[in-house]
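So you can see what is in the structure, the chains are spelled out below.
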Amino acid sequence: MDAILIPILVAAIVVIFLVATSVRIVPQARRYNIERFGRYRRTLQPGLNLVLPVADRVNTKLDVREQVYSSDPRPVITEDNLVVNIDTVLYYQITDPRSAAYEVADYLQAIDQLTVTTLRNVIGSMDLEETLTSREEINTRLRTVLDDATGKWGIRVNRVEIKAIDPPNTIKEAMEKQMRAERDKRAAILHAEGERQAKILTAEGTKQKDILEAQGTQQAMILRADGEAKAVERVFQAVHRNNADPKILAYKYLETLPHLANSENNTFWVIPGELTEAVRSVSSAFADHSTMGLPKNVQSEEATSDDTTDDSGTAEIESGPRNTAAAAADEVAKQAAAAVNNAKAEAEAARTPQVPGRGKPSTD
């Protein structure tokens, strides 16, 4: 009995072993390379696969999903002889499991070394500033070189990204100072632009104000001139309509003369030469009016100015330490008033009856 069970048990064990070694279940996104007696036979796809027991064996198991590989920081020398540490990130995918297993011994190490050499070639042709601002260009050039080199390895490099670029500490300090200087420069420029705009707006406002004030002054002067013109026109019309006597005009002329020296800035005043003629006209007017219908025995006195009349017919009163233009005007007004008063007095004396025994008034 025991002799029969032993062969059965041995046969069952052999069958179980053969079944176990001939069946291979491959997970999704995995690839198995099968070798038969040490030689590549085929690549198992996901699912249930049958292999030849003992003769076939699984050499490599590969993941065909996209994977990420981050390299350690590597020193790279730029064109301006600065050492910077650069670390990269690779996104790759196995497209041919057979080539990935048999064309290169360690594809990760090969990709890492190829990335470092390519990165040094690319960065070596750039200065530090260009390196910091040309990441997209560096990524594109790295991807192109790596994709061409890893194609025969059955690997496709999808993306290459530079994770960090670390310049030396001294360069970092210099860059920070430069950045602060640039910010201070921009702040100063903005401040200057603000002041410039403020000054421009202030000047524009002042200009508009001056223009408006000038226009207002112009309109006021025009209106004032129009009013004075109308007043003069009405006076002129009234004078001509009433046929005013020249003697009345001479009297108004004498009334107007003192106003010529009202200005505070007047230090020199010229007396017109016709002043004496006007005084003579006023005096004769009062004398003629007072002696109308009587014998002419009174003659008006003429005011003469021997020291103040020059060859051109004008008299000048120069301002001195105590004499001003206003005082000169007042003096002339007083002389004119005195002449008028004298004429009035003579007219009154002519109308008064003469007492017997007294002589006639003397005439000059």
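Rules and cut-offs
Residues numbered from 1 in each chain as written. Predicted model: local features only at pLDDT ≥ 70, side-chain atom pairs only at ≥ 80, totals over all residues. Heavy atoms only, no water. Salt bridge = Lys/Arg side-chain N within 4 Å of Asp/Glu carboxyl O. Helix = DSSP H or I, 4+ residues; strand = E, 2+ residues; numbered from the N terminus. Buried < 20%, exposed > 50% of the residue type's maximum accessible area, 1.4 Å probe, protein only. Polar contact = N/O pair within 3.5 Å; in protein donor to acceptor, adjacent residues only side chain to side chain. Contact = heavy atoms within 4.5 Å. Pairing = 2+ DSSP bridges. Axes fitted to C-alpha atoms, helices over the stretch in contact; angles between N-to-C directions. Patch = residues over 30% accessible without salt bridge, like charges linked within 9 Å, V, L, I, M, F, W, Y side chains within 5 Å. Areas by Shrake-Rupley, 256 points an atom, 1.4 Å probe, with all protein chains shown as cover. Lys, Arg positive; Asp, Glu negative; His and termini not counted. Charge placed at Lys NZ, Arg CZ, Asp CG, Glu CD. Expected span 1.5 Å × (residues − 1). Arc of directions from axis to C-beta. pLDDT = per-residue confidence, 0-100. Phe/Tyr/Trp six-rings, centres within 6.5 Å; stacked < 30°, edge-to-face > 60°. Lys NZ or Arg CZ within 6 Å of the ring centre and 35° of its normal.

**With respect to the pattern of salt bridges**
For the coordinates displayed, the defined rule picks out eight salt bridges. Linking Asp-87 and Lys-163 is a salt bridge whose minimum nitrogen-to-oxygen distance equals 3.7 Å. Here the residue Asp-87 occupies a position in strand β8 (residues 83-94), and Lys-163 occupies one in strand β9 (residues 155-166), the gap between them amounting to 76 residues. Relative accessible area serves as the criterion here: at 9%, Asp-87 is assigned to the buried category. On the basis of relative accessibility, which here comes to 46%, the residue Lys-163 falls in the partly exposed class. The structure contains a network of salt bridges with shared partners spanning Arg-30, Asp-63 and Arg-65.

**Comments concerning the side chain of Asp-87**
Here Ala-164 takes part through its backbone nitrogen, which lies 3.1 Å from a polar atom of the side chain of Asp-87. When sequence neighbours within four positions are dropped, the list of residues in contact with Asp-87 reads Ser-71, Asp-72, Pro-73, Ile-162, Lys-163 and Ala-164.

**Focus on the sheet that holds strand β2 (residues 30-36)**
One open sheet accounts for three strands, arranged β3-β2-β5; its pairing is antiparallel. Both outer strands of the open sheet, β3 (39-44) and β5 (56-63), are each paired with one neighbouring strand and no more. Each strand of the sheet is rotated relative to its neighbour by a mean of 25°, with strand direction disregarded. In the sheet, β2 pairs with β3 via five bridges, with the strands oriented antiparallel. Opposite Ile-34, over in β3, you have Arg-42 as the bridge partner.

**Quick word on a negative patch on the surface**
Negative charge collects at one region of the surface, where Glu-79, Asp-80, Glu-129, Glu-130 and Glu-137 lie side by side. Tracing the backbone shows Glu-79 in the loop between β7 (74-77) and β8. Here Glu-79 falls in the partly exposed class, since its relative accessible area comes to 49%.

**Brief notes about helix α5 (residues 135-150)**
Residue pairs three or four apart in sequence face the same way in an α-helix, which turns once every 3.6 residues. Taking 1.5 Å of rise per residue, 16 residues should cover 22 Å, and α5 covers 22 Å from first to last C-alpha, within 8% of that figure. Considered for burial, the residues of α5 that qualify are Ile-138, Asn-139, Leu-142, Leu-146 and Thr-150. Projected down its long axis, α5 carries its buried residues within an arc of 95°, all on one side. With respect to the buried face of α5, the exposed residues turned more than 90 degrees away are Glu-136 and Asp-148. Of the surrounding secondary structure, the elements contacted by the buried residues of α5 are β8, α3 (107-123), α4 (128-133) and β9.

**Section: a nonpolar patch on the surface**
Side chains of Ile-6, Val-10, Val-14, Phe-17, Leu-18 and Val-54 sit close together on the surface and give an oily, nonpolar patch of about 570 Å² of accessible area. Residue position: Ile-6 is located in helix α1 (residues 2-22). Residue Ile-6 is classed as exposed on the basis of its relative accessible area, which comes to 54%.

**Side note on unusual backbone geometry**
Peptide bonds are, in most cases, trans, and in most cases residues other than glycine have a negative phi. Of note in the backbone geometry, Ala-29 takes a positive phi value of approximately 65° without being a glycine. For Ala-29, the location among the structural elements is in the loop between β1 (23-26) and β2. Given a relative accessible area of 14%, Ala-29 falls into the buried group. Phi at Asn-81 is positive, roughly 60°, even though this residue is not glycine. Residue classification places Asn-81 among the exposed positions, given a relative accessible area of 65%.

**Examining the environment of Ile-25**
Looking at the element boundaries, Ile-25 is found in strand β1. Along the backbone, Ile-25 and Gly-47 are 22 residues apart, and their C-alpha atoms lie at a distance of 5.4 Å. What Ile-25 contacts, discounting residues up to four positions off in sequence, is Tyr-32, Gly-47 and Leu-48.

**Some points on the confidence of the model for the chain**
A residue-level look at the chain finds 66% of positions with pLDDT of 70 or above and a mean pLDDT of 75. When pLDDT is averaged over each helix and strand of the chain, the minimum, 39, is found for strand β11 (residues 315-318) and the maximum, 91, for β2. A low-confidence stretch, residues 354-364 stays under pLDDT 50, and its non-local contacts, those more than four residues away or across chains, total five contacts.

**Examining the packing of aromatic side chains**
Summed over the entire model, instances satisfying the criterion amount to two aromatic pairs. Ring centres of Tyr-40 and Tyr-102 lie 5.6 Å apart, and the angle between their planes is 70°; this geometry places the pair in the edge-to-face category. In this pair, Tyr-40 sits in strand β3 while Tyr-102 sits in helix α2 (residues 97-102), placing the two residues 62 residues apart along the sequence. Judged by relative accessible area, Tyr-40 falls into the partly exposed class, the value being 26%. Summarising the aromatic geometry, the rings of Tyr-92 and Tyr-107 are spaced 6.1 Å apart at their centres and angled 65° between planes, so their arrangement reads as edge-to-face. You can see Tyr-92 sitting in strand β8 and its partner Tyr-107 sitting in helix α3, a full 15 residues away along the chain. Just as Tyr-92 is buried, Tyr-107 falls in that class too. The ring of Tyr-91 has Arg-159 lying over it, and the distance from NZ or CZ to the ring centre is 5.7 Å.

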